[in-house]
Amino acid sequence: MKTKKCDVAIIGSGLGGLAAAGYLTQAGYQVLVVERLPFLGGRCANTHFQGFTLPSGVVWVSDGFHGQLCRDLGASFEIRVPKPEYFYRIRGKDYEMPAKGGLRAMITLAAEEAEAAKAMSAVKRGISWQEPPMSISVKDWLQQYSTNPSVLGVFEVLSTLSSGLRTFELPAGEFFRYLMAMSAVKNYGFVPGGCGNITEALSKVVKDKGGEIWLRARARRITQKNGAVTGVLVDTADGQVEVQAKAVLSNAGPQATVELVGQENLEKGYLGELEQKLKPSPQIIFYIASDRPLLECQGMTFLTQSRRILFMAPLTNLCPELAPRGQHLMEAAAYLGNSAPPFDLRQEMELALADLRENLPGFEKHSRILLAGCYYGGWPVMRCWPGNYLPQKTPIENLYNIGDGVPPAGWWGSPSAVQSARLVVEDVKRRIQPG
């Protein structure tokens, strides 16, 4: 068997894995990233189908977060920010969301003046004084101040946009932590050529700084001795390789990490916590081709009163290179009736399609669905429901999880994956010397 030595081995090349690799190589560590798929990025990659460039997950990024990550590491980054960034469709009419005071503006449009003022006073109190408890859902918290369906729809959009959870499932305290954590993250938009270009830029930085990335390299087993990690056994096209490492970072999800290291090597309390808290968030995504733009705007349109559709994003209105000449591409995302299985996916799809037919003039005549898929199970929107915090450290010394399965408090989506990687990198740097 071949052997390979490095300071840190990283399993999985999602945004969390590549961010960790970038920060560690920047600090002088010898890093090896192993990826079982033939492409990098996980849910932040490009796929190509019938001449269209489709995202594998991430489509909407922020200059203030994703751009800052790239600037931290010296990676190239480009973004096209639509003007305006958002529209909210309330009672059939589209309203531009202002750059400042957006939530207040939407609530004011959705409700009568007195009811809107009452709801906004509660929101302000939750942000500036004391967040609501984790024991009450967003829906139950909100209904103390407003029962207006349009107001609830505004909060439904915010809830499901990043977490995948409905307002009756998301803890109100976690919702307010998110509002505070993300309040400084500005300038959202689309990456020219697709979000896979972020992945390629980060991987280039890792390689330029001496790191290695192996594709089609499946981690078979995480090895450990006397309660401390020793490396990873990796299957490659040239045979199995024993990777010897001082630390192992798993970006494959906490459940996959358990399977790789073996339940028998982990403490019962840790396994019980995973079983109790590790629940993926689902979402349905449609990629729609058309012979003309289905929406005239450049940014996202959020539906506050729909059966299932959360947002519609006319990608090629700002990034025409994502489609063949004369064609247009739209993404539409839908939440499910419940975020916990079992799911009736056929019914969920039918409800979402009814929304598309109702909200997109000319949908049936001028468009076709390129891809309709549900992100759940091992490929979800998020691996862990917000509020169900799991530790980045495992019971095996120097074996860590990174990614959105172990999010820091208040962080959801791809930013949570990067934030978890930053925390783990700082702990690795305190414990392990490079070289």
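These figures come from a predicted structure and were not determined experimentally. (Residues numbered from 1 in each chain as written. Predicted model: local features only at pLDDT ≥ 70, side-chain atom pairs only at ≥ 80, totals over all residues. Heavy atoms only, no water.)

**Digging into the environment of Lys277**
Next up, step 1: Mapped onto the secondary structure, Lys277 falls in helix α10 (residues 268-277).
Next up, step 2: Judged by relative accessible area, Lys277 falls into the partly exposed class, the value being 22%.
Next up, step 3: When residues no more than four places from it in sequence are discounted, the contact partners of Lys277 are Cys384, Asn388, Tyr389 and Leu390.
Next up, step 4: For Lys277, the side chain forms a polar contact with the main-chain oxygen of Tyr389, separated by 3.4 Å. (Helix = DSSP H or I, 4+ residues; strand = E, 2+ residues; numbered from the N terminus. Buried < 20%, exposed > 50% of the residue type's maximum accessible area, 1.4 Å probe, protein only. Contact = heavy atoms within 4.5 Å. Polar contact = N/O pair within 3.5 Å; in protein donor to acceptor, adjacent residues only side chain to side chain.)

**Details of the pairing of strand β7 (residues 93-96)**
Successive side chains on a regular strand alternate, one facing one side of the sheet and the next facing the other.
Next up, step 1: Where strand β6 (residues 86-90) lies against β7, four bridges are found, and the strand directions are antiparallel. The residue of β7 that forms the bridge with Phe87 is Glu96.
Next up, step 2: In textbook terms, the turn of a hairpin is the stretch between consecutive antiparallel strands, and for β6 and β7 this stretch comprises two residues, one of which, Arg91, has a positive phi near 50°. (Pairing = 2+ DSSP bridges.)

**Digging into the pairing of strand β12 (residues 239-250)**
Next up, step 1: With nine bridges joining them, strand β1 (residues 2-11) and β12 adopt parallel strand pairing. Paired with Lys5 across the two strands is Gln244, which belongs to β12.
Next up, step 2: Where strand β11 (residues 228-236) meets β12, six bridges bridge the pair, whose relative direction is antiparallel. By the bridge assignment, Val234 is partnered in β12 with Val241.
Next up, step 3: Connecting the antiparallel pair β11 and β12 is a turn made up of two residues.
Next up, step 4: Of the pairings in the sheet, the one linking β12 to strand β18 (residues 399-401) comprises three bridges and is parallel in character. The partner of Ser250 across the bridge, within β18, is Asn401.

**Describing unusual backbone geometry**
Next up, step 1: Here the residue pair Lys83 and Pro84 is connected by a cis peptide bond, since its omega of -5° sits within 30 degrees of zero.
Next up, step 2: For Pro84, the position within the fold is in the loop between α2 (63-73) and β6.
Next up, step 3: Positive phi values are uncommon outside glycine, yet Gln50 reaches one of about 50°.
Next up, step 4: Structurally, the position occupied by Gln50 is in the loop between β3 (46-49) and β4 (52-55).
Next up, step 5: Assessed through its relative accessible area of 47%, Gln50 is described here as partly exposed.

**Here's the deal with the packing of aromatic side chains**
Next up, step 1: Enumeration over the complete set of coordinates arrives at 14 aromatic pairs.
Next up, step 2: Plain terms: the ring middles of Trp141 and Phe176 are 5.1 Å apart, the flat faces sit at 75° to each other, and that makes the pair edge-to-face. Highlighted residues: Trp141 in helix α5 (residues 138-142) and Phe176 in helix α7 (residues 172-182), separated in sequence by 35 residues. Neither Trp141 nor Phe176 differs from the other in exposure class; each is buried.
Next up, step 3: Residues Tyr178 and Trp412 carry aromatic rings whose centres are separated by 4.2 Å and whose planes lie at 10° to one another, so their mutual orientation is stacked. Note that Tyr178 is positioned in helix α7 and Trp412 in the loop between β18 and α13 (413-431), a separation of 234 residues in sequence.
Next up, step 4: Each member of the aromatic cluster is reached from another via a ring pair, and the members are Trp60, Tyr86, Tyr88, Tyr188, Phe190, Phe302 and Phe311.
Next up, step 5: One residue, Lys279, lies across the ring of Trp385, its end atom 3.9 Å from the ring centre. (Phe/Tyr/Trp six-rings, centres within 6.5 Å; stacked < 30°, edge-to-face > 60°. Lys NZ or Arg CZ within 6 Å of the ring centre and 35° of its normal.)

**Overview of the sheet that holds β7**
Through backbone hydrogen bonds, the strands of a sheet pair up, either in parallel or in antiparallel fashion.
Next up, step 1: Read from one edge of the open sheet, seven strands run β7-β6-β14-β15-β16-β13-β17, paired in mixed fashion. Since the sheet does not close on itself, it has two edges, and those belong to β7 and β17 (367-375), each with one partner. Neighbour to neighbour, the strand axes of the sheet diverge by 20° on average, direction disregarded.
Next up, step 2: The pairing of strand β13 (residues 283-290) with β17 spans eight bridges and is classified as antiparallel. Bridge pairing in β17 places Ile284 opposite Cys374.
Next up, step 3: The strands that helix α11 (residues 345-359) touches are β6, β13, β14 (300-303), β15 (309-313), β16 (328-334) and β17; relative to β13, the one it contacts most, it runs at about 45°. (Axes fitted to C-alpha atoms, helices over the stretch in contact; angles between N-to-C directions.)

**Notes on the side chain of Glu174**
Next up, step 1: Along the polypeptide, Glu174 turns up in helix α7.
Next up, step 2: Of the polar contacts made by the side chain of Glu174, one reaches the side chain of Trp412; its length is 3.0 Å.
Next up, step 3: Setting aside anything within four residues of it in sequence, one finds Glu174 in contact with Met134, Pro386, Gly387, Tyr389, Gly410 and Trp412.

**Some remarks on helix α4 (residues 113-128)**
Next up, step 1: In this model, α4 (16 residues) spans 22 Å end to end at C-alpha, consistent with the 22 Å of a helix rising 1.5 Å per residue.
Next up, step 2: Those residues of α4 that sit buried are Ala116, Ala119, Met120, Ala122, Val123 and Gly126. In a view along the axis of α4, the buried residues occupy a sector of 155°, so they form one face of it. Exposed side chains of α4 directed beyond 90 degrees from the buried face belong to Glu113, Ala114, Lys124 and Ser128.
Next up, step 3: Buried residues belonging to α4 abut α3 (102-110), α5, α6 (149-163) and α7. (Expected span 1.5 Å × (residues − 1). Arc of directions from axis to C-beta.)

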